[in-house]
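Per-entry structural report
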Amino acid sequence: MASDDFNERNIAEFRANHGRVGGNFEGAPLLILHTVGAKSGEPRTNIMMYQADGDRYLVFASYAGADKNPAWYWNLKANPDTRIEVGDDIIDVHATELEGDERDQKYALQAERYPGFADYEAKTSRVIPVVALTPTGPPQPRD
């Protein structure tokens, strides 16, 4: 699939360049999210933008404004203890969905910083989930 190729190319560039990529993502804060497929049980990786929030990493299940949540969201719901890659580090995290005012404030901040997120919100009738990834241990260097 083309989107899988896009994902894999960006992940390879991220790992080769200490967490940075060019193109549409140049300069954006990015992480690689590792999940386990909720249905398949297979390991999955997705590269995505995040918002730093204290020691947490906030990710947004925007799916570019599609009317359904991305698969990684359901994977986190089924298996909330996972890991992320940020820069050259691997960090064990626990995923928790934000709700109510906190969710709304964090999404509004992301949309202010990156207007594409406002576009995604305008495209869909669903409330786009915001997921906090809270570290459960110290960062480890990626080999």
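See the structure above.
Below is a short write-up of the structure. Given the structure is predicted, the values throughout are model-derived calculations rather than measurements.

Those residues of helix H2 (residues 71-78) that sit buried are Trp 72, Tyr 73, Asn 75 and Leu 76. Projected onto a plane normal to the axis of H2, the buried residues spread over an arc of 160° and lie on a single side. On its buried face, H2 sits against strand E1 (30-36), strand E2 (43-49), strand E4 (56-60), strand E5 (81-86), strand E6 (89-97) and strand E7 (130-135).

Counted by the stated rule, this structure contains 7 aromatic pairs. Consider the rings of Phe 60 and Tyr 107, whose centres lie 5.7 Å apart with planes at 75°: the pair is edge-to-face. Of this pair, Phe 60 sits in strand E4 while Tyr 107 sits in helix H3 (residues 100-113); the two residues are 47 residues apart in sequence, bridging distant segments of the chain. Relative accessible area serves as the criterion here: at 5%, Phe 60 is assigned to the buried category.

Turning next to the side chain of Asp 53. On the secondary structure map, Asp 53 appears in strand E3 (residues 51-53). Side-chain polar atoms of Asp 53 contact the side chain of Lys 106, separated by 2.7 Å. What Asp 53 contacts, discounting residues up to four positions off in sequence, is Leu 58 and Lys 106.

Right, let's get into the nonpolar core. Of all hydrophobic cores here, the largest spans 18 residues; its most connected members are Leu 30, Ile 47 and Tyr 107. Core analysis: the second largest hydrophobic core is formed by 17 residues, Tyr 50, Ala 61, Ile 91 and Val 131 among them.

With respect to the helices, strands and loops of the structure, Thr 45 is situated in strand E2. Between the alpha carbons of Thr 45 and Glu 85 there is a distance of 10.0 Å; along the sequence they are 40 residues apart. The residues touching Thr 45, leaving out its near neighbours within four places in the chain, are Asn 7, Glu 8, Ile 11, Arg 15, Ile 32, Leu 33 and His 34.

Looking now at the environment of His 18. With respect to the secondary-structure elements, His 18 resides in the loop between helix H1 (2-16) and E1. Separated by 67 residues in the primary sequence, His 18 and Glu 85 place their C-alpha atoms 10.0 Å from one another. Leaving out residues up to four positions away in the same chain, His 18 has contacts with Gly 87 and Asp 88. A distance of 2.8 Å separates polar atoms of two side chains, one belonging to His 18 and the other to Asp 88.

Below, the discussion takes up the layout of surface pockets. If a probe the size of a water molecule is rolled over the atoms, the empty space left behind becomes visible. For the largest pocket, the calculated volume is near 1200 Å³. Lining the largest pocket we find 33 residues, and of these Asn 7, Asn 46, Tyr 63, Pro 70 and Trp 72 sit closest to its centre. The dominant element in the lining of the largest pocket, judged by the number of residues it contributes, is E2, at 7 residues.

Definitions and limits used
- Residues numbered from 1 in each chain as written.
- Predicted model: local features only at pLDDT ≥ 70, side-chain atom pairs only at ≥ 80, totals over all residues.
- Heavy atoms only, no water.
- Buried < 20%, exposed > 50% of the residue type's maximum accessible area, 1.4 Å probe, protein only.
- Helix = DSSP H or I, 4+ residues; strand = E, 2+ residues; numbered from the N terminus.
- Arc of directions from axis to C-beta.
- Contact = heavy atoms within 4.5 Å.
- Phe/Tyr/Trp six-rings, centres within 6.5 Å; stacked < 30°, edge-to-face > 60°.
- Polar contact = N/O pair within 3.5 Å; in protein donor to acceptor, adjacent residues only side chain to side chain.
- Core = buried A, V, L, I, M, F, W, Y, C linked by side-chain atoms within 4.5 Å.
- 1 Å grid on protein atoms, 1.4 Å probe; cavity = no way out; pocket = protein on both sides within 12 Å on 5 of 7 lines; lining within 4 Å.
- Points joined across faces, edges and corners; volume = space filled by probe spheres on them.

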